[in-house]
Amino acid sequence: MALNSSVTEFILFGLTQDAGKQKAIFGVFLMFYLATLLGNFLIVATIKTSRTLGSPMYFFLLHLSFADACFSTTIAPRLTVDALSQKRTISYNECMTQVFAAHFFGCMGIFVLILMDFDRYVAICKPLRYTTIMSCHVRHMLVILGWVGSCIHSSAQLFLALRLPFCGPNVIDHYFCDLQPLLKLACMDTYVINLLVVSNSGVICMVSFIILLISYVVILYSLRNHSVEGRRKALSTCTSHFIVVVLFFGPCIFMYTRPATTFPIDKMVAVFYTIGTPLLNPLIYTLRNAEVKNAMKKLWCSQV
């Protein structure tokens, strides 16, 4: 509990106040959440048990699926329960925990996408040195750095949230706790804190997206020397990765790289990257990847 806040709980406005729409939201988002858990944990189980999916790319995909499942779990269950609840309150401590957890797992997803892109860059542009550069020790160290970096980022976000004093309205015009809607409720000038939020979340999103775009240009340029079959396989993998990057970074850049203003479309944009992306990732990576599909079939058949 912050010393400079007289508010002990917040009320989440949710996606809508319409009773009929709330029932639809409950059904739809419950199915989305269960499908997200099933899809991501199926990928985790497949990669963990398969002998054919031992490359660094699938090692990183395992961590992306785990981060996506956790990221969705920090937001979707409360959204689903609140859709049928008359009292949509969240305590101050729970709100701060959600701010930390959402940014922790969301940032880890960003870092893993960068690691997956780095893996593709090394595999395509430096194939002879691939096994040396992406050794077991290196990829474990890269993932550990990703988790540490995520913790630093989310701790900074939590620190900024804890600095906000709340002494009046406590209705958050959103379906989960995040810094943008909290800044609107703070009884202080939030200009400096908003700049820090943009320089933290916004810069991470923008710099990561630019790095990924540059790497795609380099990869596409280097593919000109590959065989037709090599180009086809590389482009198939990179296309899946690029789709995931655009779907995730587009809404994130829209939300976190602007001044402290809110728009009516904000909640729908947030739904896209908090609910939609963790659901779409397993579909994109499995439907476009024959190795993963074959490994899943073997796992499923062995269990049956």
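Since the model is a prediction, treat every value here as computed from it, not as a measurement.

Remarks on the sheet that holds strand β3 (residues 171-172)
Right, on to step 1. If you trace the three strands from one edge of the open sheet to the other, you get β2-β1-β3, paired in mixed fashion. In this open sheet, the two strands that pair with only one neighbour each are β2 (89-91) and β3.
Right, on to step 2. As paired strands, strand β1 (residues 9-12) and β2 are joined by three bridges and run antiparallel to one another. Of the residues in β2, the one forming a bridge with Glu9 is Ser91.
Right, on to step 3. Helix α3 (residues 92-125) contacts β1, β2 and β3 of the sheet and is inclined by roughly 85° relative to β2.

Here we look at the UniProt feature "transmembrane region" (unreviewed entry) in the protein
Right, on to step 1. Following the UniProt record, the feature "transmembrane region" (unreviewed entry) maps to residues 24-45, 57-79, 99-118, 138-160, 191-222, 234-256 and 268-287 here.
Right, on to step 2. In residues 99-118, helix accounts for 100% and strand for 0%; the two terminal C-alpha atoms are 29 Å from one another.
Right, on to step 3. In this annotation, residues 191-222 is assigned 100% helix and 0% strand; the end-to-end C-alpha distance for the span is 45 Å.

Focus on the packing of aromatic side chains
Each aromatic ring pair is summarised here by two numbers: the centre-to-centre distance and the angle between the ring planes.
Right, on to step 1. Applying the stated rule across the entire model yields 15 aromatic pairs.
Right, on to step 2. Seen from their ring centres, Phe29 and Phe32 are 5.8 Å apart, and the 85° between their planes marks the pair as edge-to-face. Taken together, the residues Phe29 and Phe32, both in helix α1 (residues 19-49) and three residues apart, mark about one turn of the helix.
Right, on to step 3. Residue classification places Phe32 among the partly exposed residues on the basis of a relative accessible area of 33%.
Right, on to step 4. With a centroid separation of 5.0 Å and 75° between ring planes, the pair formed by Phe104 and Phe105 is classed as edge-to-face.

Examining a nonpolar patch on the surface
Right, on to step 1. Taken together, the side chains of Met141, Ile144, Val148 and Ile152 present a nonpolar region at the surface, about 370 Å² in accessible area.
Right, on to step 2. Mapped onto the elements, Ile144 comes out in helix α5 (residues 136-162).
Right, on to step 3. Looking at Ile144, the relative accessible area reads 46%, which means it is partly exposed.

Some remarks on the pairing of β1
Right, on to step 1. Of the two faces of β1, only the one carrying Phe10 and Leu12 is buried; Glu9 and Ile11 on the other face are not.
Right, on to step 2. One ladder, built from two bridges, connects β1 with β3; its direction is parallel. Paired with Ile11 across the bridge in β3 is Val171.

Details of the side chain of Asp68
Right, on to step 1. Position of Asp68 relative to the elements: it lies in helix α2 (residues 56-82).
Right, on to step 2. Among all residues touching Asp68, those that are not within four sequence positions of it are Asn40, Pro278 and Asn281.

Here we look at the nonpolar core
Right, on to step 1. Counting residues in each nonpolar core, the largest one holds 62 residues, and the members touching the most others are Phe60, Leu61, Phe249 and Tyr273.
Right, on to step 2. For this core, the leading source of residues is α2, giving 13 residues.
Right, on to step 3. With residues up to four places along the chain from it excluded, the contact list for Phe60 reads Val112, Leu115, Met116, Asp119, Met134, Arg139, Leu142 and Val143.
Right, on to step 4. Membership of the second largest hydrophobic core comes to 21 residues, among which are Cys95, Ile172, Leu182 and Val197.

Digging into the state of the cysteines
Right, on to step 1. What the rule picks out here adds up to two disulfides.
Right, on to step 2. The disulfide partner of Cys167 is Cys187, and the gap between their sulfur atoms is 2.1 Å. One end of the pair, Cys167, is in the loop between α5 and β3; the other, Cys187, is in the loop between α6 (179-185) and α7 (191-222), with 20 residues separating them in the sequence.
Right, on to step 3. The class of Cys187 is partly exposed, set by a relative accessible area of 38%.
Right, on to step 4. What links to what in the protein: the bonded cysteines, counted in sequence order, pair as 1-3, 2-4.

Some details on the pattern of salt bridges
Right, on to step 1. Tallied over the entire structure, the rule returns three salt bridges.
Right, on to step 2. Taking the shortest distance from any N to any O, the salt bridge between Arg78 and Glu94 comes out at 3.6 Å. Of the two residues, Arg78 sits in helix α2 while Glu94 sits in helix α3, which places them 16 residues apart along the sequence.
Right, on to step 3. For Arg78, a relative accessible area of 23% translates into the label partly exposed.
Right, on to step 4. A salt bridge links Lys267 to Asp173; the shortest N-O distance between them is 3.1 Å. Placement of Lys267 in helix α9 (residues 266-287) and of Asp173 in the loop between β3 and α6 is noted, with a sequence separation of 94 residues between them.

A word on the packing of α3 against helix α8 (residues 228-256)
Right, on to step 1. With their axes 11 Å apart at the nearest point, α3 and α8 run at an angle of 150° to one another. Accordingly, the angle class assigned to the pair α3 and α8 is roughly antiparallel. Two packed elements cross with a definite hand, and for α3 against α8 that hand is left-handed. In this structure, α3 contributes His103, Gly106, Ile110, Leu113, Met116, Asp117, Arg120 and Ile124 to the contact, and α8 contributes Ala234, Thr237, Cys238, His241, Val244, Val245, Phe248, Phe249 and Tyr256.
Right, on to step 2. Its residues assigned to classes, the contact of α3 with α8 shows eleven nonpolar, four polar and two charged.

Thresholds applied
- Residues numbered from 1 in each chain as written.
- Predicted model: local features only at pLDDT ≥ 70, side-chain atom pairs only at ≥ 80, totals over all residues.
- Heavy atoms only, no water.
- Pairing = 2+ DSSP bridges.
- Helix = DSSP H or I, 4+ residues; strand = E, 2+ residues; numbered from the N terminus.
- Contact = heavy atoms within 4.5 Å.
- Axes fitted to C-alpha atoms, helices over the stretch in contact; angles between N-to-C directions.
- UniProt positions renumbered as here; feature names shortened; annotations may be inferred.
- Phe/Tyr/Trp six-rings, centres within 6.5 Å; stacked < 30°, edge-to-face > 60°.
- Buried < 20%, exposed > 50% of the residue type's maximum accessible area, 1.4 Å probe, protein only.
- Patch = residues over 30% accessible without salt bridge, like charges linked within 9 Å, V, L, I, M, F, W, Y side chains within 5 Å.
- Areas by Shrake-Rupley, 256 points an atom, 1.4 Å probe, with all protein chains shown as cover.
- Salt bridge = Lys/Arg side-chain N within 4 Å of Asp/Glu carboxyl O.
- Core = buried A, V, L, I, M, F, W, Y, C linked by side-chain atoms within 4.5 Å.
- Disulfide = S-S within 2.5 Å.
- Parallel < 35°, antiparallel > 145°, perpendicular 65-115°, else oblique.
- Left-handed = near helix turned anticlockwise from the far one by under 90°.
- Nonpolar A, V, L, I, M, F, W, Y, C, P; charged D, E, K, R; others polar.

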